[in-house]
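Take a look at the letters that make up each chain.
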Amino acid sequence: MTEDKPPAPGPAYDRDRLLAWMAQNGIAQTTHDHPAVFRVEEGLELKAALPGAHTKNLFLKDKKGRLWLISARQDTVIDLKRADKWIGSARLSFGNETLLYETLGVRPGSVTALGLINDPDRRVTFVLDQALWDADIVNFHPLTNTATTALEQADFRRFLTLIGRDPVVVDFSTLS
């Protein structure tokens with residue numbers, strides 16, 4: 001007689017479950033598969049072919065142990081030495097891979113605002129660039145860096161509402 005071991009802990013949502021959840025909740029999206037993209041500078045030709053604002057996403061931890069996710073347009077300059085004052089945190093540094101997977105259910109290179117669905121305890125504070133808040137279409141990885149999911153702004157806001165998130169909206173273009 002063998003005993004079934006419980007599954008290893010992991011995120012509640014992966015790409016397939018996320019996209020199914022969106023469909024069940026009336027969130028329209030278009031997902032494009034592509035080769036893995038690990039950094040903003042990679043895949044610029046691919047991004048140019050997809051309409052909307054493309055993003056960069058920073059998973060951060062401050063000196064008090066609080067976790068932050070900053071989502072901004074891919075061309076936005078974010079000075080981490082000054083960002084703490086803009087968002088109301090203590091000194092910021094990049095969060096480690098273990099914390100990233102525990103809270104957002106993604107690995108480095110796949111950081112995305114859509115990962116907030118895996119953070120029901122709201123351990124991560126979400127900071128959103130004003131340029132993304134105002135964009136007609138926003139593009140994020142669907143929990144994997146081998147695809148890009150495009151959402152119209154109304155659908156992105158519906159996603160945030162359904163997961164109970166109110167982003168801290170910051171206009172990074174006016175900060176220096």
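Before reading on, note that the structure itself is shown above.
This one's a predicted model, so the numbers in the text were calculated from it and none came from an experiment. (Residues numbered from 1 in each chain as written. Predicted model: local features only at pLDDT ≥ 70, side-chain atom pairs only at ≥ 80, totals over all residues. Heavy atoms only, no water.)

A full pass over the atoms with the stated rule returns six salt bridges. Linking Asp33 and Arg15 is a salt bridge whose minimum nitrogen-to-oxygen distance equals 2.5 Å. Remark: Arg15 occurs in helix H1 (residues 15-24) and Asp33 occurs in strand E1 (residues 30-33); sequence separation between them is 18 residues. Judged by relative accessible area, Asp33 falls into the exposed class, the value being 55%. In this structure, the salt-bridge partner of Arg165 is Asp119, at a minimum N-O distance of 2.7 Å. Residue Arg165 is located in the loop between helix H6 (153-162) and strand E8 (168-170), and its partner Asp119 is located in the loop between helix H4 (97-104) and strand E5 (124-129); the two are separated by 46 residues in the primary sequence. Like Arg165, the residue Asp119 is buried in the burial classification. (Salt bridge = Lys/Arg side-chain N within 4 Å of Asp/Glu carboxyl O. Helix = DSSP H or I, 4+ residues; strand = E, 2+ residues; numbered from the N terminus. Buried < 20%, exposed > 50% of the residue type's maximum accessible area, 1.4 Å probe, protein only.)

Next up on the list: the pairing of strand E2 (residues 53-62). Of all ten residues in E2, nine are buried; the element is thus mostly enclosed. Relative to strand E6 (residues 137-140), E2 runs parallel, the two being bridged by two bridges. Pairing of His54 across the sheet is with Asn139, part of E6. Pairing of E2 with strand E3 (residues 67-73) involves seven bridges; the strand directions are antiparallel. Pairing of Thr55 across the sheet is with Arg73, part of E3. Between the end of E2 and the start of E3, which pair antiparallel, lie four residues, with Gly65 showing a positive phi angle near 90°. (Pairing = 2+ DSSP bridges.)

All right, on to H4 then. All buried positions along H4 are accounted for by Leu99, Leu100, Thr103 and Leu104. The buried side chains of H4 occupy one side of the element, clustering within an arc of 100° when seen end-on. Of the surrounding secondary structure, the elements contacted by the buried residues of H4 are E2, E3 and E5. Taking the backbone nitrogen of Thr98 as reference, a side-chain oxygen 3.0 Å away marks Asn96 as the first, capping residue of H4. Residue Gly105 follows H4 closely and has a positive phi angle near 70°. (Arc of directions from axis to C-beta. Contact = heavy atoms within 4.5 Å. Polar contact = N/O pair within 3.5 Å; in protein donor to acceptor, adjacent residues only side chain to side chain.)

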